[in-house]
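Single-letter residue listing:
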Amino acid sequence: MRIVPEIAAEGEELVAWRRHLHEHPELAYEEVETARFVAEKLRAFGLDEVHEGLARTGVVGVIRGRGPGPAIGLRADMDALPIEERTNKPWASKIPGKMHACGHDGHTTMLLAAARHLARTRAFAGTVYVIFQPAEELYGGAAKMIEEGLFERFPMERVFGLHNWPDLPAGEFAMRAGPAMAAADRFTIRLEGLGCHGAMPHQGRDPVLAAAALVAALQMLVAREVDPIDSAVVSVTRIVAGETYNVIPDRAELWGTVRSFRSETRERLRRRLHEVAEGIAAAHRMTVSVSYERGYPTLVNSAEEVSLSAAVAAELVGPAKVHTDHPPCTGAEDFAFMLEKKPGSYIWLGQGGGAEGRVCHSPFYDFNDEVLVLGASYWVRLVEHVLPSDRQRG
Ligand code: NI
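Residues numbered from 1 in each chain as written. Predicted model: local features only at pLDDT ≥ 70, side-chain atom pairs only at ≥ 80, totals over all residues. Heavy atoms only, no water.

Student: What am I meant to see in the sheet that holds strand β10 (residues 232-241) here?
Tutor: Pairing between the strands of a sheet is mediated by backbone hydrogen bonds and can be parallel or antiparallel. With respect to topology, 4 strands assemble into an open sheet ordered β10-β12-β8-β13, the strand pairing being antiparallel. Among the strands making up the open sheet, the edge pair consists of β10 and β13 (287-294). Taking the axes of each pair of neighbouring strands and ignoring which way they run, one obtains an average angle of 15° across the sheet. One ladder, built from 10 bridges, connects strand β8 (residues 183-192) with strand β12 (residues 251-260); its direction is antiparallel. Looking at β12, one finds that aspartate 185 is bridged to valine 258. Strands β8, β10 and β12 of the sheet are contacted by helix α7 (residues 207-225), whose axis makes an angle of about 170° with β10. Packing of helix α8 (residues 263-283) onto the sheet brings it into contact with β8, β10, β12 and β13, and relative to β13 it is tilted by some 165°. (Pairing = 2+ DSSP bridges. Helix = DSSP H or I, 4+ residues; strand = E, 2+ residues; numbered from the N terminus. Axes fitted to C-alpha atoms, helices over the stretch in contact; angles between N-to-C directions. Contact = heavy atoms within 4.5 Å.)

Written out as structure tokens, the structure reads:
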């Protein structure tokens with residue numbers, strides 16, 4: 001076990017930070033107090049530089065090692081979700097309707113703890129950028145940081161990310177080279193027919209029936225147009241139409257999400273979704289409009305960086321607890337934008353609780369404080385491994 005002993009000795013303090021953040025969740029681009037908490041700590045730890053305000057609330061800390069060498073970025077996310085917490089924990093959210101239900105409070109804490117240790121020991125050659133990004137959930141804070149010059153202001157060769165994983169036992173690691181999380185697009189389809197009396201449907205053109213036919217037809221895209229060995233998801237997640245029992249409305253609206261891993265599949269689904277919507281609409285004599293927004297891209301890990309992460313994780317918990325061919329996940333993650341620009345790895349840290357329903361984005365979710373020291377140690381050992389100083393090389 002190569003848990004960092006100094007970090008283990010500070011375990012209680014890390015729990016206190018994590019619970020403080022948990023009590024005070026802030027949504028995307030509103031992470032003002034969280035960013036202040038992070039920046040104050042980084043300054044107190046003696047980092048070489050602390051930069052605030054990148055992508056509104058993002059924070060980047062700079063830690064220089066003992067000698068010259070390459071630069072790498074370690075990234076944590078800070079935002080919470082619009083969920084009413086139901087854990088009844090003493091440290092439950094104090095803000096109505098907002099909750100750290102994805103463990104970004106834990107991610108922030110682990111990277112802070114690692115930054116403190118790295119600034120204290122500097123047992124590496126090169127530069128470490130600790131990146132605390134806003135708005136991972138839905139609003140692409142990573143993309144905004146890149147747009148605002150993250151990689152120009154802080155040139156780095158590689159980037160690394162980590163997310164807690166309730167479906168994996170606490171203390172295990174999982175990862176995979178190549179596509180690991182899905183591209184996530186969204187669509188809105190508006191159907192317009194002709195409203196009429198519910199008892200005399202032949203006098204109108206019914207958008208409710210057309211919407212129902214369209215929901216079923218869209219599943220054809222996955223069932224019959226995607227290679228069965230590839231994966232994709234099309235989900236209609238919202239349908240709005242009508243007001244009462246005896247009126248056929250004149251319009252219906254469908255919302256949904258499309259997930260895919262390969263760019264050809266993504267493009268084909270986008271094109272065919274339009275065609276199917278137009279075809280079904282024509283059959284039902286509807287006018288139709290489709291708006292389709294591309295969201296987060298597929299998260300693609302590079303093989304070399306995944307093997308670096310695996311080696312470090314194996315030193316921490318033993319190779320039996322490191323799963324290097326974990327199946328991809330159809331969730332999306334905006335660290336994918338950083339991995340489009342730089343080689344790197346995004347790995348999952350097991351924290352348990354999934355079997356009991358304490359999954360990410362559930363009102364019963366809570367980050368497992370037991371893995372704080374392990375996650376922070378992973379960051380430290382990764383830096384020492386990727387940026388070895390002469391003393392370590394010898
Ligand atoms: Ni998350």
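Once you've had a look at it, read on.
Student: Just to check I follow, could you spell out the side chain of serine 93 for this structure?
Tutor: With respect to the helices and strands, serine 93 occurs in the loop between β3 (67-77) and α4 (104-121). Note on serine 93: relative accessible area 17%, which makes it buried. In this structure the side chain of serine 93 is engaged in a polar contact, spanning 3.0 Å, whose partner is the backbone oxygen of isoleucine 95. Filtering out sequence-adjacent residues up to four positions away, serine 93 remains in contact with His22, Glu23, Pro25, Glu85, Lys98 and Met99. (Buried < 20%, exposed > 50% of the residue type's maximum accessible area, 1.4 Å probe, protein only. Polar contact = N/O pair within 3.5 Å; in protein donor to acceptor, adjacent residues only side chain to side chain.)

Student: Before we go on, may I ask you to explain the pattern of salt bridges in this structure?
Tutor: Opposite charge on two side chains permits them to pair, given that their charged atoms come into close proximity. Applying the stated criterion to the full structure yields 36 salt bridges. Note that arginine 116 is salt-bridged to glutamate 10, the shortest N-O span being 3.1 Å. Here arginine 116, found in helix α4, pairs with glutamate 10, found in the loop between α1 (5-9) and α2 (11-23); they are 106 residues apart in sequence, far enough to count as distant. Comparing arginine 116 with glutamate 10, the two get one shared label, buried. Note that aspartate 230 is salt-bridged to arginine 262, the shortest N-O span being 3.7 Å. (Salt bridge = Lys/Arg side-chain N within 4 Å of Asp/Glu carboxyl O.)

Student: Help me out: how do you make sense of α8 in this one?
Tutor: Structural remark: α-helix, 3.6 residues per turn; residues separated by three or four positions point the same way. With 21 residues, α8 extends 30 Å from end C-alpha to end C-alpha; this agrees with the ideal 30 Å at 1.5 Å per step. Along α8, the residues that are buried comprise Thr265, Arg266, Leu269, Arg272, Leu273, His274, Val276, Ala277 and Ala281. At its buried positions, α8 is contacted by β8, α7, β10, β12 and β13. Note on α8: the residue one or two positions beyond its end, arginine 285, has a positive phi of about 60°. (Expected span 1.5 Å × (residues − 1).)

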